[in-house]
Amino acid sequence: MSTTELSGLYDVIHRRRDTRREFTGAPIAPDALRRVLTAAHAAPSVGLSQPWDFVLVRDETTRRAFRDHVHAERSLFTAQLDAERAELFGRIKVEGILESSLGIVVTYDPDRGSPAVLGRHAIADAGLYSVCLAIQNLWLAATAEGLGVGWVSFYREDVLRRLLHIPARIRPVAWLCVGPVAGLPDQPDLERAGWRNRIPVEDVMHHERYRERSSR
């Protein structure tokens, strides 16, 4: 790999952001969307099980219903915070469901490749990890295409199953808001808002054995 290619790869990794406010609502070019989904589908998976599916959600009624559920869950989380933290959280946007061009729901099918999924016998969650790798591929490809991605995590899985008619055995892992953006900020939203700072890489490196820390 050339120096230019390496530079481009690391640039995309470090420019990637969990996008909320920056969506323009412009349509996604079909060719770009296919490239992004093809990159996601190229992810490594345990036993080559490829246990993911991608549900593309454009319907406004569906998206609005999901947004309303997310807001209800946000309120539940806010009620658990002390007054200072709740005030800070009130300034943080947690979703771009209606502002984005498209919702992509990524699911996990534990039966894909069964009954003998090579490499999953000792680590049951290896299939779920594979889905997360597909999501990361999607995210990096979208960033390279000039698209933003926002992972919505304020939801109950059963609610999303009912909304999208997902079978009970299938796990919805992520609702991703995807679409063109005005730009990507230099810092993550939570860091800019003062919610939490990034940990230096030296603080999470261990040599030979795990060492305990007194605080995080």
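For the structure itself, look to the data block above.
Calculation notes
- Residues numbered from 1 in each chain as written.
- Predicted model: local features only at pLDDT ≥ 70, side-chain atom pairs only at ≥ 80, totals over all residues.
- Heavy atoms only, no water.
- Pairing = 2+ DSSP bridges.
- Helix = DSSP H or I, 4+ residues; strand = E, 2+ residues; numbered from the N terminus.
- Axes fitted to C-alpha atoms, helices over the stretch in contact; angles between N-to-C directions.
- Contact = heavy atoms within 4.5 Å.
- Left-handed = near helix turned anticlockwise from the far one by under 90°.
- Buried < 20%, exposed > 50% of the residue type's maximum accessible area, 1.4 Å probe, protein only.
- Salt bridge = Lys/Arg side-chain N within 4 Å of Asp/Glu carboxyl O.
- Parallel < 35°, antiparallel > 145°, perpendicular 65-115°, else oblique.
- Nonpolar A, V, L, I, M, F, W, Y, C, P; charged D, E, K, R; others polar.

Draft legend 1. Region of interest: the sheet that holds strand β2 (residues 102-108). With respect to topology, four strands assemble into an open sheet ordered β1-β2-β4-β3, the strand pairing being antiparallel. What marks the edges here is a single partner per strand, and that holds for β1 (52-57) and β3 (147-152). Neighbour to neighbour, the strand axes of the sheet diverge by 25° on average, direction disregarded. Of the pairings in the sheet, the one linking β1 to β2 comprises six bridges and is antiparallel in character. Looking across to β2, one finds that Leu56 is bridged to Ile104. Relative to β1, helix α2 (residues 30-41) is tilted by about 155°, and along the sheet it contacts β1, β2 and β3. Here helix α6 (residues 157-164) sits on the sheet and contacts β1, β2 and β4 (171-180); the angle it forms with β4, its principal contact strand, is near 70°.

Draft legend 2. Highlighting the packing of α2 against helix α5 (residues 126-144). Across the interface, α2 lies against α5 with an axial gap of 7 Å and an inter-helix angle of 150°. Here the hand of the crossing between α2 and α5 comes out right-handed. Counting all contacts with α2, which are made through Val36, Leu37, Ala39 and Ala40, the residues of α5 involved are Ala134, Asn137, Leu138, Ala141 and Ala142.

Draft legend 3. Local environment of the environment of Ala134. Following the sequence through the fold, Ala134 ends up in helix α5. Judged by its relative accessible area of 0%, Ala134 is buried.

Draft legend 4. Local environment of the pattern of salt bridges. In total, this model carries 17 salt bridges according to the counting rule given. Notably, a salt bridge pairs Asp68 with Arg67, separated by 3.1 Å at the nearest N-O pair. For Arg171, the salt bridge identified is with Glu157, shortest N-O distance 2.9 Å. With Arg171 in strand β4 and Glu157 in helix α6, the pair connects residues that are 14 residues apart, well separated along the chain. Its relative accessible area of 25% is what places Glu157 among the partly exposed residues. What emerges from the salt-bridge pattern is a single network uniting Asp53, Asp109, Asp111, Arg112 and Arg169.

Draft legend 5. View of the packing of helix α3 (residues 60-78) against α6. Following both chains from N to C, one finds α3 and α6 inclined at 165°, their axes separated by 11 Å at the closest point. It follows from the interaxial angle that α3 and α6 lie roughly antiparallel. As α3 packs across α6, the resulting crossing turns out to be right-handed. Residue-level inspection shows Thr62, Ala65, Phe66 and His69 of α3 in contact with α6, the latter providing Val159, Leu160, Leu163 and Leu164. Of the residues contributing to the contact of α3 with α6, the split by class is six nonpolar, two polar and no charged.

Draft legend 6. Spotlight on the side chain of Arg74. Take Arg74: it is sitting in helix α3. Those residues in contact with Arg74, other than ones at most four positions away along the chain, are Phe89, Gly90, Arg91, Ile92, Lys93, Val94 and Phe154.

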